[in-house]
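Structural description and commentary
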There are 2 protein chains.
Amino acid sequence: MARFTHPRLEDVPLDLALHALADPNRLAMVARLAETERLSCTDAAPCDSIPKSTLSNHLKLLRAAGLIDTTQAGREMINTLRRAEFDGRFPGLLDAVLANRPV
Amino acid sequence: MARFTHPRLEDVPLDLALHALADPNRLAMVARLAETERLSCTDAAPCDSIPKSTLSNHLKLLRAAGLIDTTQAGREMINTLRRAEFDGRFPGLLDAVLANRPV
DNA sequence: TTTAATAGTTCGGCATTCTTGAACTATCGA
DNA sequence: TCGATAGTTCAAGAATGCCGAACTATTAAA
């Protein structure tokens, strides 16, 4: 199955990072990963009404923004937040966004 | 000429705010207004290669996100950052974004 | 008081991006 | 080996974004 490419954080522009976070579903997934670390794609989903293909796309975008890392484990894809790296690249940003997330 | 409507900050969702900031040109305008306060539309523009209509659209979006206030003064529209209000709504967010802005 | 210039908005069409169903790949369990 | 599970990829329609052209409003000049 597909092997993913993860960008170096230094190559991620701020716009892309903000764009990735500027979607309620994606932000909810990031928030989940901030709490639970190591979630399959379906487990990372904020609700089960989101189609698989849409979910897959959201995760692809989060990967491109340097926010998550995805590795294959059996037939699941395990996602983790690249917290330390992201924070190193954009200090304080993720904290500020997560702190202001709606309940 | 048109009179603008400015949203109450409490009605601005985080997604909209992030989306407004997730564009290099808009972010540059916000950064400018953070320094210079009170800029006409053309003066707020990050460069003069941006078409008027595009500029107008960007500013409309920033207004809708509760980031700027626009009032008419003669034939100019004067824009100011709604800094205190925005910070009250999303504490630390604008600071974090501006601090991470590319040079 | 026309006339011209300035400052920006609005509209409409093209282009890009987003969403999602359908088909596909890969892995695991029976 | 067969079926079920987990997720990707593709393609088409929907939704957004960008920008030229036409328009409105205000000021300045003639």
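Note that this is a predicted model, so its numbers are computed, not measured.

Right, let's get into the sheet that holds strand β1 (residues 39-40) of chain B. Residue and element names in this part refer to chain B. If you walk across this open sheet you meet the 3 strands as β1-β3-β2, and the pairing is antiparallel. Each edge of the open sheet is held by one strand with a lone partner, namely β1 and β2 (68-73). Sheet analysis places β2 next to strand β3 (residues 76-81), joined by 6 bridges and oriented antiparallel. Note that in β3 the partner of isoleucine 68 across the bridge is leucine 81. The strands that helix α2 (residues 24-36) touches are β1, β2 and β3; relative to β3, the one it contacts most, it runs at about 85°. Contacts between helix α4 (residues 52-64) and the sheet are confined to β2 and β3, with β2 contributing the most and set at about 120° to the helix.

Let's shift gears to the protein's contact with DNA strand D. In the region of DNA strand D, 23 residues are neighbours, and A:Cys41, A:Thr42, A:Lys52, A:Ser56 and B:His19 sit closest. Protein-adjacent atoms of DNA strand D, using a 4 Å cutoff, are sugar or phosphate at a proportion of 62%. Between A:Thr42 and DNA strand D, the recorded distance is 2.7 Å, taken from a side-chain N or O atom to a phosphate oxygen. Here a base oxygen of DNA strand D sits 2.7 Å away from a polar atom, N or O, in the side chain of A:Lys52.

A word on the relation of the copies chain A and chain B. Relative to chain B, chain A is turned by 180° and slid 0.0 Å along the rotation axis, the superposed coordinates differing by an RMSD of 0.0 Å. Between the two chains, the operation in question is that of a two-fold axis.

So, how was this worked out
- Residues numbered from 1 in each chain as written.
- Chains lettered and ligands numbered in written order.
- Predicted model: local features only at pLDDT ≥ 70, side-chain atom pairs only at ≥ 80, totals over all residues.
- Heavy atoms only, no water.
- Pairing = 2+ DSSP bridges.
- Helix = DSSP H or I, 4+ residues; strand = E, 2+ residues; numbered from the N terminus.
- Contact = heavy atoms within 4.5 Å.
- Axes fitted to C-alpha atoms, helices over the stretch in contact; angles between N-to-C directions.
- Near = heavy atom within 4 Å.
- Polar contact = N/O pair within 3.5 Å; in protein donor to acceptor, adjacent residues only side chain to side chain.
- Least-squares fit on C-alpha atoms with pLDDT ≥ 70 in both.

Take it as geometry only, folks, not as evidence of what the structure does.
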